[in-house]
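Chain by chain, the residues:
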Amino acid sequence: MATIKTQLVVFDFDWSMADQDTDRWIFEVLAPDIRRKIKTLKESVQWTDLIAQSLQEIHARGRTREEIEHTLRQMPFHPAMVRGVTNLKGGSNPTTTFFCLSNANSVFINTILESKGLQNLFEEIVTNPAEFEPSGLLKLRRRVDPNGPQHSCTVGCSPNMCKGEELAAFLERHKPGYDRIVYVGDGSNDFCPILRLRSQDMVLCRRFRGLEGRISREGGHQCQVKYWAGAWEVEEIFNQFIEKN
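Predicted model, so just to flag it, every value in this text is computed and none were measured. (Residues numbered from 1 in each chain as written. Predicted model: local features only at pLDDT ≥ 70, side-chain atom pairs only at ≥ 80, totals over all residues. Heavy atoms only, no water.)

> Quick question: what am I supposed to make of the overall build of the chain here?
Of the regular secondary structure elements, the chain holds 10 helices and 8 strands. Its C-alpha atoms give the chain a radius of gyration of 18 Å, within 12% of the compact-globule value 18 Å for 245 residues. Dimensions of the chain, computed from C-alpha atoms along their principal axes, come out at roughly 60 × 35 × 35 Å. Sorting the 245 residues of the chain into buried and exposed places 51% on the buried side. For the chain, restricting intrachain contacts to residue pairs at least 6 apart in sequence, the fraction spanning at least 24 positions comes to 66%. With 31 positive and 32 negative side-chain charges, the chain shows a spacing of 2 Å between the two charge centroids. (Helix = DSSP H or I, 4+ residues; strand = E, 2+ residues; numbered from the N terminus. Rg over C-alpha atoms; globule rule 2.2 N^0.38 Å. Buried < 20%, exposed > 50% of the residue type's maximum accessible area, 1.4 Å probe, protein only. Contact = heavy atoms within 4.5 Å. Lys, Arg positive; Asp, Glu negative; His and termini not counted. Charge placed at Lys NZ, Arg CZ, Asp CG, Glu CD.)

The following block contains the structure:
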């Protein structure tokens, strides 16, 4: 096997780096009735638009920026994941670049990363843009503007973002590339980018979620597949990367 000197670790965020789904968690904690409405409407309203509408609704009820940020900091995030990514980034053999590719949003992700001391982990975070307005409203919009050119994915990515195209664009921005790419994901929308991985690359697929089902049913990938259920297993795999070199 060729020596791995440089590697890119790509992380989905919800249920991959974190142990919950940020969009659902906020409403489960702050407005369970809106969480129920999201569950009812998710098949008929585009997901990012639905979360944006729901954020407007909790703002109208008087929920504050401080409450949203506090709720995010409380969200389950395993200490083993913090250790695993910190140790891997700190190693020099191989050198590891981290890239976040998520259908959550920039405020949710950055708030949680800062609370875990991981604000400098990622080279880039590609996600849906969001910002707090002076009124305290968290304004969220799709990464791919619905009124502009749309992505051309045929694998099943949601309208707000094609993760495969975003991974390809990142690699184009960061030439000459990496000896190995490791993709950590869980959802069905993580299937598109893993189809772009090579035989020396690897997907760390979380068990019992959408990605595992698509890999089993559809195949077509060239990369290696390792399965995990708990963050301690991701830490274990990352430690092996360091030990092998």
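> Even after reading the chapter, I still don't get the environment of S199, so can you show me in this structure?
Looking at where S199 falls in the secondary structure, it is placed in the loop between α8 (191-194) and β7 (202-206). C-alpha separation for the pair S199 and R24, spaced 175 residues apart in sequence, amounts to 35 Å. Setting aside residues no more than four positions away along its own chain, S199 makes contact with Q222, C223 and Q224.

> Please explain the packing of helix α2 (residues 32-41) against helix α3 (residues 47-60) as it appears in this structure.
For any two helices packed against each other, one specifies the inter-axial angle together with the distance between the axes. It is at 11 Å that the axes of α2 and α3 come closest, and there the two elements cross at 155 degrees. By the angle between their directions, the pair α2 and α3 is classed as roughly antiparallel. At the point where α2 passes α3, the crossing takes the right-handed sense. Contact residues: α2 offers I34, K37, I38 and L41, while α3 offers W47, L50, I51, S54, E57 and I58. Broken down by class, the residue content of the contact of α2 with α3 amounts to 7 nonpolar, 1 polar and 2 charged. (Axes fitted to C-alpha atoms, helices over the stretch in contact; angles between N-to-C directions. Parallel < 35°, antiparallel > 145°, perpendicular 65-115°, else oblique. Left-handed = near helix turned anticlockwise from the far one by under 90°. Nonpolar A, V, L, I, M, F, W, Y, C, P; charged D, E, K, R; others polar.)

> I would appreciate a short explanation of the sheet that holds β7 in the present structure.
To summarise the sheet geometry, strands pair through backbone hydrogen bonds and adopt either a parallel or an antiparallel arrangement. The strand order across the open sheet formed by 6 strands is β3-β2-β1-β6-β7-β8, and the pairing between neighbours is parallel. Lying at the two open borders of the sheet, with one neighbouring strand each, are β3 (124-128) and β8 (224-228). Here the average twist between neighbouring strands, direction ignored, is 15 degrees. The sheet contact formed by strand β1 (residues 6-11) and strand β2 (residues 95-105) spans 6 bridges and is parallel. For L8, the partnering residue across the bridge sits in β2 and is T97. Strands β6 (180-185), β7 and β8 of the sheet are contacted by helix α9 (residues 210-218), whose axis makes an angle of about 125 degrees with β7. (Pairing = 2+ DSSP bridges.)

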